[in-house]
Amino acid sequence: MKHQSKIALAIFAVTLSSVLMTGMGYSAPIEAFSTQQPILLDTPVSELYHLRTEVKKASEVLKKQAEERAKEEAEKAKARQTCSFTSEEVTMMEYIIQQEVRGASLKHKRIIANVIVNRVKSDAFPDTIEGVLFQKGQFTSAQNYYNRTYPPDEDTKQAVWEVLNGQCEDLSQGALYFYAPRWTSQSTASWFENDLDYLFELEGHRFFR
């Protein structure tokens, strides 16, 4: 009985050390201890129960700390989101941006995605991504979401994900409108140029607010 108590105490000592070292940032304490022979200690059974209690407390503390860290990370991720969105709205953005600026740079695609987000935040437009994308007379390329002519490439997916999750710098300067002069009639172009505030031009698109 006394010999079994010694072995059990040694096992609990190793367990406690492993738990505490893991909590302090050591990555492989259990493996290190498992390669060593247990050290038998001559101690009363009461000490064994005390050690068991300490192991349980340490485990609960580490579990609570892990839960708190996970909660903090979830809150940070939510705070980084530029607006609320659904998985379907992500897909909508990917297909529509792909048709709008396929072949453009990642920077360009990010800015187009930001224009969409800017509209969601603006009182002058619908307050959802779907509402903005399918607002009458706005994104004619919304048809690509239905006919799937141009599947989104990796750059487009990356641009949408980064913008929606606040993972890249917003270079849109608050733009709410853009047009491509080479594909736009003179009358429509005149409305952009005369009625809106010009911001900048990038890769064949002029941006306004």
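Caption draft 1: Highlighting the sheet that holds strand β2 (residues 198-202). The three strands lie next to each other as β1-β3-β2, forming an open sheet whose pairing is antiparallel. Two strands lie at the open edges of the sheet, namely β1 (177-179) and β2, each paired on one side alone. Averaged over all neighbouring strand pairs, the angle between strand axes comes to 20 degrees, with direction disregarded. When β1 meets strand β3 (residues 205-208), the two strands line up antiparallel, connected through three bridges. Following the sheet pairing, Phe 178 is matched in β3 by Phe 207. Contacting β1, β2 and β3, helix α5 (residues 106-121) crosses the sheet at an angle of about 30 degrees to β3.

Caption draft 2: Quick look at the packing of aromatic side chains. A complete count under the given rule lists 14 aromatic pairs for this structure. Centre to centre, the rings of Phe 178 and Phe 207 are 5.7 Å apart; their planes meet at 35 degrees, and the pair counts as tilted. Of this pair, Phe 178 sits in strand β1 while Phe 207 sits in strand β3; the two residues are 29 residues apart in sequence, bridging distant segments of the chain. The burial state of Phe 178 is the same as that of Phe 207; both residues are buried. In this structure, Arg 148 packs its charged tip against the face of Tyr 95, placed 4.3 Å from the ring centre. Sitting over the ring of Tyr 145, Arg 148 keeps its end group 4.8 Å from the ring centre.

Caption draft 3: Structural detail: the nonpolar core. Ranked by internal contacts, the top residues of the largest apolar core, which has 39 residues, are Met 93, Ile 97, Ile 116, Ile 129, Leu 133, Leu 164 and Phe 207. Broken down by secondary-structure element, the contributors of at least two residues to this core are α4 (87-101), α5, α6 (129-133), α8 (154-164), β1, α9 (186-195), β2 and β3. Setting aside residues up to four positions removed in sequence, Phe 207 forms contacts with His 108, Ile 111, Ile 112, Val 115, Ala 175, Tyr 177, Phe 178, Asp 197, Tyr 198, Leu 199, Phe 200 and Leu 202.

Caption draft 4: Structural view of the pairing of β3. Burial along β3 is two-sided: the face carrying His 205 and Phe 207 and the face carrying Arg 206 and Phe 208 are both buried. Of the pairings in the sheet, the one linking β2 to β3 comprises four bridges and is antiparallel in character. If you follow Glu 201 over to β3, its bridge partner there is Arg 206. Linking β2 to β3, which pair antiparallel, is a turn of two residues; within it Glu 203 sits at a positive phi near 50 degrees.

Caption draft 5: Representation of the pattern of salt bridges within the structure. Tallied over the entire structure, the rule returns four salt bridges. Note that Lys 109 is salt-bridged to Asp 153, the shortest N-O span being 3.0 Å. Linking Lys 109 in helix α5 with Asp 153 in the loop between α7 (143-147) and α8, this pair joins segments that are 44 residues apart in sequence. Given the relative accessible area of 29%, Asp 153 is considered partly exposed. One connected set of salt bridges, linked through shared partners, spans Glu 193, Glu 201 and Arg 206.

Caption draft 6: Just the side chain of Glu 89, in detail. Tracing the backbone shows Glu 89 in helix α4. We note that Glu 89 is buried and unpaired, the nearest opposite charge coming from Arg 148 at a distance of 14 Å. At 3.1 Å, the side chain of Glu 89 forms a polar contact with the backbone nitrogen of Glu 130. Residues in contact with Glu 89, not counting those within four places in the same chain, are Ser 84, Thr 128, Ile 129 and Glu 130.

Caption draft 7: Region of interest: α8. Within α8 the residues assigned to the buried category are Thr 156, Ala 159, Val 160, Glu 162, Val 163 and Leu 164. Structurally, the start of α8 carries an N-cap: the backbone nitrogen of Asp 155 is 3.2 Å from a side-chain oxygen of Asp 153. In the stretch just after α8, Gly 166 is the one whose phi turns positive, near 65 degrees.

The rules we used
- Residues numbered from 1 in each chain as written.
- Predicted model: local features only at pLDDT ≥ 70, side-chain atom pairs only at ≥ 80, totals over all residues.
- Heavy atoms only, no water.
- Pairing = 2+ DSSP bridges.
- Helix = DSSP H or I, 4+ residues; strand = E, 2+ residues; numbered from the N terminus.
- Axes fitted to C-alpha atoms, helices over the stretch in contact; angles between N-to-C directions.
- Contact = heavy atoms within 4.5 Å.
- Phe/Tyr/Trp six-rings, centres within 6.5 Å; stacked < 30°, edge-to-face > 60°.
- Buried < 20%, exposed > 50% of the residue type's maximum accessible area, 1.4 Å probe, protein only.
- Lys NZ or Arg CZ within 6 Å of the ring centre and 35° of its normal.
- Core = buried A, V, L, I, M, F, W, Y, C linked by side-chain atoms within 4.5 Å.
- Salt bridge = Lys/Arg side-chain N within 4 Å of Asp/Glu carboxyl O.
- Lys, Arg positive; Asp, Glu negative; His and termini not counted.
- Polar contact = N/O pair within 3.5 Å; in protein donor to acceptor, adjacent residues only side chain to side chain.

Nothing here speaks to function; it is geometry throughout.
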